[in-house]
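So the chains spell out like this:
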Amino acid sequence: MSKQNLRQEMRQRKKAYGSEQLHRMSQPIIEALLAHPRLMSAHTILLYASLADEVDTHELINTLLQQGKTLLLPVVVDDHTMKICRYTHDTNVGHGAFGIMEPQADAFTDYEQIDLILVPGMAFDRHGHRLGRGKGYYDRFLSQAKDCYKIGVCFPFQLVDEVPTDEHDVRMDEIITQKCAED
């Protein structure tokens, strides 16, 4: 299956579930993340502020801030680039190009300080391959942060047998999903 066809299939699956059910399905995935040893021991974490069709990370962000973690969120700079910025409860935020909550702060560039990266995607396979939305933001960024441990985060229906890959695609070290009672 081509990348374009797999993206379309995932969009249809997400639409069939609807945003309310996706939000409910997020809970056991977030619980699995919070219990993960890598997340528990991490000090500096790059994660994402979720869109309505992604595993909902908004409560996770608040929980991690309460635990004293240093949080970084991506900010879309232009059609090809994203930067990462520190996020705290006091950080001014805006809504970026895709309606995503983005911190209005200076770029964080000390990638060696990042202990863990939580990465969204359209689809993942058990070999750590990830299919993004097609703009390449994460692959370009992750190629600069090669030594960081990367966890792909997805709903169970986003885990497929094989994700088509290109040489520039960056593999995840692990995929976290959780079988939900609704499935």
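Residues numbered from 1 in each chain as written. Predicted model: local features only at pLDDT ≥ 70, side-chain atom pairs only at ≥ 80, totals over all residues. Heavy atoms only, no water.

What am I meant to see in the pairing of strand β6 (residues 116–119) here?
The alternating pattern of β6 places Leu116 and Leu118 and Ile117 and Val119 on opposite faces, both of which are buried. Here strand β1 (residues 44–46) runs beside β6; their pairing, made up of two bridges, is parallel. Within β6, the residue paired with Leu46 across the bridge is Ile117. Where β6 and strand β9 (residues 149–153) come together, four bridges link them in parallel fashion. Bridging from a neighbouring strand, Val119 pairs with Gly152 of β9. (Buried < 20%, exposed > 50% of the residue type's maximum accessible area, 1.4 Å probe, protein only. Helix = DSSP H or I, 4+ residues; strand = E, 2+ residues; numbered from the N terminus. Pairing = 2+ DSSP bridges.)

For this particular structure, what's the right way to read the packing of helix α2 (residues 19–34) against helix α4 (residues 58–66)?
In a packed pair of helices, the relevant descriptors are the angle between the two axes and the axis-to-axis distance. Packing of α2 against α4 leaves a shortest axis separation of 10 Å and a crossing angle of 30°. Taken together, the axes of α2 and α4 lie roughly parallel to each other. Between α2 and α4 lies a crossing whose hand is right-handed. For the pair formed by α2 and α4, the contact residues are His23, Gln27, Ile30, Leu33 and Leu34 on the first element and Glu59, Leu60, Thr63 and Leu64 on the second. Here the residues of the contact of α2 with α4 are counted per class, giving five nonpolar, three polar and one charged. (Axes fitted to C-alpha atoms, helices over the stretch in contact; angles between N-to-C directions. Parallel < 35°, antiparallel > 145°, perpendicular 65-115°, else oblique. Left-handed = near helix turned anticlockwise from the far one by under 90°. Contact = heavy atoms within 4.5 Å. Nonpolar A, V, L, I, M, F, W, Y, C, P; charged D, E, K, R; others polar.)

Hey, could you run me through the sheet that holds strand β3 (residues 82–87) in this one?
Backbone hydrogen bonds hold the strands of a sheet together, and the pairing may be parallel or antiparallel. Read across the sheet, six strands follow the order β3-β2-β1-β6-β9-β11 without closing on themselves; strand pairing throughout is mixed. One side of each edge strand has no neighbouring strand; the edge strands of this open sheet are β3 and β11 (174–176). Each neighbouring strand pair of the sheet contributes to a mean axis angle of 30°, computed without reference to strand direction. In this structure, β1 lies alongside strand β2 (residues 70–76), joined through three bridges in parallel fashion. Following the sheet pairing, Ile45 is matched in β2 by Leu71.

Is there a simple way to think about the UniProt feature "binding site: substrate" (unreviewed entry) in the chain in this case?
In the numbering used here, UniProt assigns the feature "binding site: substrate" (unreviewed entry) to Glu54. Assignment of secondary structure puts Glu54 in the loop between β1 and α4. Judged by relative accessible area, Glu54 falls into the buried class, the value being 10%. (UniProt positions renumbered as here; feature names shortened; annotations may be inferred.)

Please explain the side chain of Thr44 as it appears in this structure.
Looking at the secondary structure, you find Thr44 in strand β1. Within the structure, the side chain of Thr44 is placed 3.5 Å from the backbone oxygen of Gln113, a separation counted as a polar contact. (Polar contact = N/O pair within 3.5 Å; in protein donor to acceptor, adjacent residues only side chain to side chain.)

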